[in-house]
Amino acid sequence: MMDENSEKVVSAIASVKHIPREMISLDSSLEGLGFDSLDRITLLFELEKQFNISVPDDAVPALRVVRDVVEGVARLVANASLHPAASEGGP
Amino acid sequence: MSKRRVAITGLGVICALGSHTAAVWDSLRAGRCGIARMDSVDLSKLRFQNGAQVHGYDAGKHFEPKQADLLDRFAQFALIAAREALRDSGITLGAGLREQTAIVTGSCMGGQSTQDTAFVELYQRDLGRVHPLSIPRTMASAAASQISMELGATGPAYTISTACASSSHAIGQAFWMIRQGAAEIAIAGGSEAPFSMGLLKAWEAMRIISPDTCRPFSKDRRGLILGEGGAMLVLEPLDAARARGARIYAELAGFGMSSDAHHITQPSVDGPVRAMRAALRDAGLLPEQVGYINAHGTGTPANDSIETLAIRAAFGAHAGRLAVSSTKSLHGHALGAAGALEAVCTALAIREGLIPPTANFNAPDPECDLDVVPNLARPAHVECALSNSFAFGGLNAVLAFRAHPN
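Notes on the structure in this doc start here. (Residues numbered from 1 in each chain as written. Chains lettered and ligands numbered in written order. Predicted model: local features only at pLDDT ≥ 70, side-chain atom pairs only at ≥ 80, totals over all residues. Heavy atoms only, no water.)

Quick notes on the nonpolar core
Residues and elements named next belong to chain B.
Thought 1: With 69 residues, the main nonpolar core has Ile8 and Leu235 as its most contacted residues.
Thought 2: Element by element, the count of residues in this core is highest for helix α14 (residues 338-352), at nine residues.
Thought 3: The next biggest cluster of nonpolar side chains, apart from the first, holds 29 residues, and it includes Ala82, Ala144, Ala153 and Met232. (Core = buried A, V, L, I, M, F, W, Y, C linked by side-chain atoms within 4.5 Å. Buried < 20%, exposed > 50% of the residue type's maximum accessible area, 1.4 Å probe, protein only. Helix = DSSP H or I, 4+ residues; strand = E, 2+ residues; numbered from the N terminus.)

And the structure:
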């Protein structure tokens, strides 16, 4: 079972790549799902909107599998609820 | 009929390094970087803070209010550069010459700051109307029109938009027109003014803007820095330039183009290789004759390593003997104006015998293992040089220059 955040991330990936959700697991690599650099920035744009977070540019290259994205989002969401101002602006 | 040779006899430029050619050359020579905190936008709304803006720019010093009303900032920069270039060439456009004078400009975005303002008024302030001069200010060809009107040039005039290669394509097309006899004078180059919030946010979302500065070919490079400005070259047949005793900065010797047919943003090796080879072929040059390349050198991790591979593929063993610098480290990436700014840098490097450096260089990168002229300008006699422009979407343009003994 995926938690709510994971479900949202998987939905966003399915929407960006126009692929069925069933193709995507937490262990799927973004590269294996056919992600190029534009798909990556489009996914982050969608996630920033949905979760009201700001993903630093430096975090992008480290995102290899779907789980990395889910965990990154969880960290930023937790951080934003601890320090509301920190979600504005970015690095 | 043999092809005519083409001379560069006038230069005009305004950018973060200065508002005329001599000031810009002083900065290039000293390796003085024009990148600073942006001052025209609300930085609290942006992830990045730095840009290469024209410092202390005052449109009122260059234009009467009535003329300025019609000019977006990008067209102002084009006009300022065109005026200086023509003045610098010593040419007077008399009645006979006007209709043989071509204007070819490049711009990636056109008058988008005018559009930005209009849309703020429409969507944010709900004014329900847009300024009636928005269209004539915004259109990308406004710069070509405004230059031709002010100078009375009635020959071929048009604008090329190929993203970050726009003004290299423009100069190349103008060069070919002179060479083929389709024009006797050409004013060619480009301009850009990308510092408005809508466009900056769009670049921010691309995640390729450096958080600090532009460090092409350096191991710790983190992206490009946007720049603004305009640059224009006056081109004419070499024989005509000699006959009138003109100062000749360099000969524009060749132009090569290609398309990657690969990806809308990712660079490739093959397309740039073919464009460099095409420029050399067009100029009748051997790779071994080239001493300097003004690189596209954006400072993004991908561009600089791919460009290194392309230069190695195009030049073979001679790549190790080339000086390769990116002046974007000094004047920023001025998008559609970049190729023209760099053509000015290249012509001056040949004329002055001094190669401008790659500034802000900290550490060598094994993936960028060329002589990138780090941080300090280098005296050198350059017989032949290339200027590379490799745009988003894989549209490549390379200009080849040859020294001319004055």
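Brief notes about unusual backbone geometry
Residue and element names in this part refer to chain B.
Thought 1: Of note, Ala163 is a non-glycine position whose phi angle comes to about 50°, a positive value.
Thought 2: Mapped onto the elements, Ala163 comes out in the loop between β5 (157-160) and α8 (166-180).
Thought 3: Its identity is not glycine, yet Ala261 carries a phi of approximately 50°, on the positive side.
Thought 4: In this structure, Ala261 sits in the loop between β8 (250-259) and α11 (270-283).

Digging into the packing of aromatic side chains
Thought 1: All told, the structure shown has four aromatic pairs over all chains when counted by the stated rule.
Thought 2: Ring geometry for B:Tyr57 and B:Phe77: centres 5.1 Å apart, planes at 65°, overall edge-to-face. In this pair, B:Tyr57 sits in the loop between β3 (50-51) and α2 (65-68) while B:Phe77 sits in helix α3 (residues 73-89), placing the two residues 20 residues apart along the sequence.
Thought 3: We classify B:Phe77 as buried; its relative accessible area is 0%.
Thought 4: Ring centres of B:Trp203 and B:Phe392 lie 6.0 Å apart, and the angle between their planes is 25°; this geometry places the pair in the stacked category. Separated by 189 residues along the polypeptide, B:Trp203 in helix α9 (residues 197-206) and B:Phe392 in the loop between β13 (384-390) and β14 (395-402) bring together distant segments of the chain.
Thought 5: Classification of B:Trp203 as buried rests on a relative accessible area of 10%.
Thought 6: The aromatic ring of A:Phe35 is capped on one face by A:Lys17, whose charged end is 5.9 Å from the ring centroid. (Phe/Tyr/Trp six-rings, centres within 6.5 Å; stacked < 30°, edge-to-face > 60°. Lys NZ or Arg CZ within 6 Å of the ring centre and 35° of its normal.)

Topic: the pairing of strand β7 (residues 229-237) of chain B
Residues and elements named next belong to chain B.
Thought 1: With respect to burial, β7 is a largely interior element, nine of its nine residues being buried.
Thought 2: The pairing of strand β1 (residues 6-15) with β7 spans nine bridges and is classified as antiparallel. Note on β7: the bridge partner recorded for Ala7 is Glu236.
Thought 3: In terms of strand pairing, strand β6 (residues 185-192) meets β7 through seven bridges, oriented antiparallel. Paired with Ser191 across the two strands is Gly230, which belongs to β7. (Pairing = 2+ DSSP bridges.)

Quick notes on the interface of chain B and chain A
Thought 1: Tallying the contact residues gives 12 residues for chain B and 14 residues for chain A.
Thought 2: Here chain B and chain A share an interface that buries about 1000 Å² over both sides, 41% of which is from carbon and sulfur atoms.
Thought 3: Joining chain B to chain A, the criterion identifies four salt bridges.
Thought 4: A salt bridge links A:Asp58 to B:Arg222, with the shortest nitrogen-to-oxygen separation between them at 2.7 Å.
Thought 5: At the boundary of chain B with chain A, the tally comes to nine residue pairs in polar contact (both at pLDDT 80 or more).
Thought 6: Across the side of chain B that touches chain A, the residue classes break down as five nonpolar, four polar and three charged. (Contact = heavy atoms within 4.5 Å. Buried area = accessible area lost by both parts, 1.4 Å probe. Salt bridge = Lys/Arg side-chain N within 4 Å of Asp/Glu carboxyl O. Polar contact = N/O pair within 3.5 Å; in protein donor to acceptor, adjacent residues only side chain to side chain. Nonpolar A, V, L, I, M, F, W, Y, C, P; charged D, E, K, R; others polar.)

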